[in-house]
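Chain by chain, the residues:
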Amino acid sequence: MNGHLEAGEQQDQRPEQELTWSWGHRPRSALDRVKAMAPPPPLPLTPSTPLLHGEFGSYPARGPRFALTLTPQALHIQRLRPKPEARPRGGLVLLAEVSGCCTLRSRSPSDSAAYFCIYTYPRGRRGGRRRAARTFRADGAATYEENRAEAQRWATALTCLLRGLPLPGDGEITPDLLPRPPRLLLLVNPFGGRGLAWHWCKNHVLPMISEAGLSFNLIQTERHNHARELVQGLSLSEWDGIVTVSGDGLLYEVLNGLLERPDWEEAVKTPVGILPCGSGNALAGAVNQHGGFEPALGIDLLLNCSLLLCRGGSHPLDLLSVTLASGSRCFSFLSVAWGFVSDVDIQSERFRALGSARFTLGTVLGLATLHTYRGRLSYLPATVEPASPAPAHGLPRAKSELTLAPGPAPPVAHSPLHRSVSDLPLPLPQPALTSPGSPEPLPILSLNGGGPELAGDWGGAGDAPLSPDPLLPSPPGSPKAAQLSPITEGASEMPASSGLPPPTPDARVAISAGGPPDHLLPPLGAPLPPGWVTMEGDFVLILAISPSHLGADLVAAPHARFDDGLVHLCWVRGGISRAALLRLFLAMERGNHFSLGCPQLGYAAARAFRLEPLTPRGVLTVDGEQVEYGPLQAQVHPGLGTLLTGPSGRPGREP
């Protein structure tokens, strides 16, 4: 085999690095898990630095031969025989589009070759992603053991790049570099996304995370606040992350459930993630932007976020503690809304079967019956003003109001426990890649429900099918999934629900009892301390938002970051025409609504705020969930949570 590690020649330029960020490293506590998933220092390697180079055959064996070159951002493929291509098609596989890889062996005893397979999700001509598997034959040595070692070297190097693990500078790349797969708890609301959430999870999410070698248990939620109850009984040390497969509402339940635990200070640091299968998918839109992908909706957004999850990596997440009129508290990761936004959100619930189109229809109906609400908004301005806005994001400044301009946008009776994936109607034909400490070998699932045999994909009459060849065997005594602590719930039995109950005029969200104190807020109803800014008048809407997105395709605060320590206040005063309000929301799809020069639009960056409706009737929402109507106040708690975001930036760009 003529493969070699060229990075070894630069050993003097690349100091040995401590493993600080990876999927699979298992720290001792939730706080350690956060630290362990901090990105490593930037490597001195350029995006085009060759790391591995070698010649491979293809599967079936009578296919062409290729020269492969692996760089930190892509796998370059050049056909050598039958004749080189001047402009190779599919010759560049961006790592940002790779979910994982594996090694395979032939079921024919006479075949001494080993096989290296990568799973990719490239964009098609129309922009959508499609799954593709590329399989290469390592056959340069006389024995299977030598060829297997070469295939494993490539699979290990690629996996390290995907997970952010440093490669050694001495050229020794072995499967020992790989820690055990991370353990994820997937919570799926099967009624999300017009009832398509389970279908999307089974056909898209599970195959991809299995290809990535991630270990998971899956639970279908069966009623409102089911996820909240589940996380309160979890043994969190056994999980590296909790991922919701639904809309924003399920993550709201998880975060508030973690903050209700007696050990909430440690529990809230458990990394949480979201894979969008709901209607709004606001946080997923922000994660998609953070990962450097183009704006996306539906399946494309789900695949983008799944790719980022497979890569690993987390980010601190600001949470907003919201004190309601009754004195109870809940925690928000998204938004507090009053007026037009909350009206559309709640009134469009009856159109939930339309999916994300419910908001479009709700907006049209809301514009037809546009209301104004009298109220008082007070806020504690941010001590550090955001960077000066770019011209595209300039804001109107009212003479009597202090507004801080945002900075530029960055380029049945319910089952006892866990109904895990093995209890569900999924084809589980073969074991997948495993590593030490894996609770149980995982299935490889393809989008058509098949196993890892590639003969169906690469069809060669007479070619022996391939079977998985684990990078690392599970050592004796490895824990099994059955040894995980059971998830405990309350003793009361509740009937199963066919979905989330429809909201009623006096619907309430469940309230968190734990969490940090609000040191910036006086008791609700008490006078505000000096330094606060107060405005009173007629408003069409008031929105307090933490991340950048209000929906997957609505960028309400384009400059916002997950951990900027700010709540971004936006309001629209009365007197705006229906046409002007529509223009604002259309411009919000691109995040440039502040550049329209609308005099009724205002903005302020704050650390805390108080909202006092002076209109007797209205709708207030927290993260899209209706709460009791009346005065409320909120404070930002910077970096209180941890969000699984994957790597940041614009992925897969090579010079």
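It should be emphasised that the depicted structure is a prediction, and the values quoted were computed from it without experimental measurement. (Residues numbered from 1 in each chain as written. Predicted model: local features only at pLDDT ≥ 70, side-chain atom pairs only at ≥ 80, totals over all residues. Heavy atoms only, no water.)

Novice: Residues and numbers for unusual backbone geometry, please.
Specialist: The bulk of non-glycine residues show a negative phi, and the bulk of peptide bonds are trans. Of note, the phi angle at Asn225 is positive, near 70 degrees, even though the residue is not glycine. Along the chain, Asn225 falls in the loop between strand E10 (215-220) and helix H5 (226-232). Phi angles above zero are rare outside glycine, and Asp623 is one such case at about 55 degrees. A relative accessible area of 3% places Asp623 in the buried class. (Helix = DSSP H or I, 4+ residues; strand = E, 2+ residues; numbered from the N terminus. Buried < 20%, exposed > 50% of the residue type's maximum accessible area, 1.4 Å probe, protein only.)

Novice: Could you give an account of the pattern of salt bridges, with specific residues and numbers?
Specialist: In this structure the tally under the stated criterion is 16 salt bridges. For the salt bridge of Glu150 with Arg153, the shortest nitrogen-to-oxygen distance reads 3.2 Å. Here Glu150 and its partner Arg153 are both found in helix H2 (residues 144-163), three residues apart, which amounts to about one turn of the helix. Arg153 carries the same exposure label as Glu150, and that label is buried. Of the charged contacts, one joins Glu229 and Arg223 as a salt bridge, the two residues approaching to 2.5 Å between their closest N and O atoms. A relative accessible area of 25% places Glu229 in the partly exposed class. (Salt bridge = Lys/Arg side-chain N within 4 Å of Asp/Glu carboxyl O.)

Novice: Describe the environment of Phe594, with residues and values.
Specialist: Mapped onto the secondary structure, Phe594 falls in the loop between helix H13 (578-588) and strand E22 (601-613). Along the backbone, Phe594 and Ala556 are 38 residues apart, and their C-alpha atoms lie at a distance of 9.3 Å.

Novice: So what about the packing of helix H8 (residues 282-290) against helix H9 (residues 298-311)? Which residues, and what values?
Specialist: Orientation of H8 relative to H9, taken along the N-to-C sense of each, is 60 degrees, at an axis distance of 10 Å. One element, H8, and the other, H9, form an angle in the oblique class. Between H8 and H9 lies a crossing whose hand is left-handed. Between H8, through Ala284, Gly285, Val287 and Asn288, and H9, the contact on the second element is made entirely by Leu301, Asn304, Cys305 and Leu308. Tallied by class, residues from the contact of H8 with H9 come to five nonpolar, three polar and no charged. (Axes fitted to C-alpha atoms, helices over the stretch in contact; angles between N-to-C directions. Parallel < 35°, antiparallel > 145°, perpendicular 65-115°, else oblique. Left-handed = near helix turned anticlockwise from the far one by under 90°. Contact = heavy atoms within 4.5 Å. Nonpolar A, V, L, I, M, F, W, Y, C, P; charged D, E, K, R; others polar.)

Novice: Explain the environment of Ala587 to me, using residue names and the numbers behind them.
Specialist: Relative to the assigned elements, Ala587 resides in helix H13. Among the residues examined, Ala587 registers a relative accessible area of 2% and is labelled buried. The contact partners of Ala587, leaving out residues within four places of it in the chain, are Asn592, His593 and Leu596.

Novice: Give a description of the confidence of the model for the protein chain that names residues and reports values.
Specialist: Across the protein chain, pLDDT averages 76, with 68% of residues at or above 70. Confidence drops under pLDDT 50 across residues 1-22; counting only partners more than four residues distant or on other chains, this segment forms 73 contacts. In the predicted structure, residues 24-28 sits below a pLDDT of 50 and forms 16 contacts with residues beyond four places in sequence or in another chain. (pLDDT = per-residue confidence, 0-100.)

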